[in-house]
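Residue-level structural notes
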Amino acid sequence: MNTSAQPNMPSSMVSVGGGESRKSKSTGNVKMSAKDVKVFYGDAQAINGIDIDIYENEVLAFIGPSGCGKSTFLRCLNRMNDTIDICRVEGQITLDQKDIYAPDRDVVLLRAQVGIVFQKPNPFPKSIYENIAYGPRLHGLAKRKAELDDIVESSLRRAGLWEEVKDRLDQPGTGLSGGQQQRLCIARTIAVSPDIILMDEPCSALDPIATGKIEQLIDELSESYTIVMVTHNMQQAARVADRTAFFHMGDLIEVNSTDAIFTNPHNQRTHDYITGRFG
């Protein structure tokens, strides 16, 4: 990874975030770590030896132009790439210092520990209640109906959705608005008590009001969870992320505090992307 400083780099740049910097809730403890991770689709290499540590209770944003590998790398973190026959992952990724690609690793349990929220809201074709209850029931997290009810209510409250849906829990989740569906998917993810929440462009299909609610929710959830998100929206990264990682052509070019990435990047390619010279 090339993070060397470039000559004649400006000491400050135009802010894209505005307002006050986000106060990090990170503990500074490494929660997940990637070492020399490479990804191949058949013979084509998509990711070129990425090293990065992800800290407990931080919000880490991945930015970069389309096709640069950020979503591919995100999906490595809970082995979603396993579902693609021609995809091969090399290197090591650990969660709490344990290899998530070890042969004896239970992938179903891993994806409960490292949940994912996709670009397009994808509620199950079930009731709002059953969307939330499915995971805890599958993983045996509730022995009685009352316990399941508590998990459903708590998850919807944490996702900021309870007051909007509490009187129609038996209605289809697909009947909610786009922003509500995305918060339902977030509630479904946190219902199984994950350690990490991955978000792949969680607001790209939403209007500005719904986006604002999701961003506020991300800030609140970072009290309890580590959040790693892919976004094409640099303003969004500036608003919500503690650290930002810039990807380009399968390489992790630079990772630093969000303020540093947007005001004083160390790499010329980061500078050029942030200032709109390509992307």
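Read on for an overview of the structure. (Residues numbered from 1 in each chain as written. Predicted model: local features only at pLDDT ≥ 70, side-chain atom pairs only at ≥ 80, totals over all residues. Heavy atoms only, no water.)

Backbone hydrogen bonds hold the strands of a sheet together, and the pairing may be parallel or antiparallel. Read from one edge of the open sheet, 6 strands run β6-β7-β8-β3-β9-β10, paired in mixed fashion. Looking along the sheet, the strands with just one partner apiece sit at the ends: β6 (114-117) and β10 (251-257). Shown here is a sheet whose adjacent strand axes are inclined to one another by a mean of 20°, direction ignored. Pairing analysis gives 4 bridges linking strand β3 (residues 59-63) to strand β8 (residues 226-230), with the strands arranged parallel. Within β8, the position partnered with Ala 61 by the bridge is Met 229. Sheet strands touched by helix α6 (residues 178-190): β6 and β7 (196-200). Its angle to β6, the strand with the most contacts, is close to 170°. (Pairing = 2+ DSSP bridges. Helix = DSSP H or I, 4+ residues; strand = E, 2+ residues; numbered from the N terminus. Axes fitted to C-alpha atoms, helices over the stretch in contact; angles between N-to-C directions. Contact = heavy atoms within 4.5 Å.)

Here we take up the side chain of Glu 58. Positionally, Glu 58 belongs in the loop between β2 (44-55) and β3. A polar atom in the side chain of Glu 58 sits 2.9 Å from the backbone nitrogen of Tyr 55. Separated by 2.8 Å, the side chains of Glu 58 and Arg 243 make a polar contact. The contact partners of Glu 58, leaving out residues within four places of it in the chain, are Ser 26, Asp 53, Tyr 225, Thr 226, Ile 227, Asp 242 and Arg 243. (Polar contact = N/O pair within 3.5 Å; in protein donor to acceptor, adjacent residues only side chain to side chain.)

Moving on: the packing of helix α4 (residues 145-158) against α6. In contact at an axis separation of 8 Å, α4 and α6 are set at 130° when each is read in the N-to-C sense. One way to sum up the angle between α4 and α6 is to call them oblique. Crossing geometry of α4 relative to α6 is assigned as right-handed. Between α4 and α6, the contacting residues are Ser 155, Leu 156 and Arg 158 on the first element and Leu 184, Ala 187 and Ile 190 on the second. In terms of residue class, the contact of α4 with α6 is made up of 4 nonpolar, 1 polar and 1 charged. (Parallel < 35°, antiparallel > 145°, perpendicular 65-115°, else oblique. Left-handed = near helix turned anticlockwise from the far one by under 90°. Nonpolar A, V, L, I, M, F, W, Y, C, P; charged D, E, K, R; others polar.)

Take helix α7 (residues 208-221) next. End to end, α7 covers 20 Å across 14 residues, agreeing with the expected 20 Å (1.5 Å per residue, within 8%). Those residues of α7 lying buried are Ala 210, Thr 211, Ile 214, Glu 215, Leu 217, Ile 218 and Leu 221. The arc that holds the buried residues of α7, viewed along the axis, is 160°, so those residues lie on one side. Away from its buried face, by an angle of more than 90 degrees, α7 presents the exposed residues Pro 208, Ile 209 and Gln 216. The elements touched by buried residues of α7 are β3, α4, α6, β7, β8 and α8 (234-240). (Expected span 1.5 Å × (residues − 1). Buried < 20%, exposed > 50% of the residue type's maximum accessible area, 1.4 Å probe, protein only. Arc of directions from axis to C-beta.)

The 4 strands are arranged β2-β1-β4-β5 in an open sheet whose pairing can be described as antiparallel. Every interior strand has two partners, whereas the edge strands, β2 and β5 (98-99), have only one. In this structure, strand β1 (residues 30-41) lies alongside strand β4 (residues 87-95), joined through 8 bridges in antiparallel fashion. Paired with Lys 35 across the two strands is Gln 92, which belongs to β4.

This brings us to the environment of Ser 33. Position of Ser 33 relative to the elements: it lies in strand β1. Among the residues examined, Ser 33 registers a relative accessible area of 9% and is labelled buried. Residues contacting Ser 33, with those up to four places away along its chain left out, are Ile 52, Asp 53, Gln 92, Ile 93 and Thr 94. Of the polar contacts made by the side chain of Ser 33, one reaches the side chain of Asp 53; its length is 2.6 Å.

In terms of burial, strand β9 (residues 243-248) is a largely internal element, 6 of the 6 residues being buried. A two-sided burial pattern is seen for β9, the buried positions comprising Arg 243, Ala 245 and Phe 247 on one face and Thr 244, Phe 246 and His 248 on the other. Of the pairings in the sheet, the one linking β3 to β9 comprises 4 bridges and is parallel in character. Bridge assignment links Ile 63 to a residue of β9, and that residue is Phe 246. In terms of strand pairing, β9 meets β10 through 6 bridges, oriented antiparallel. Each bridged residue has a counterpart across the sheet, and for Phe 247 the counterpart in β10 is Leu 252. The antiparallel hairpin formed by β9 and β10 contains 2 residues in its connecting segment, where Met 249 sits at a positive phi of about 50°.

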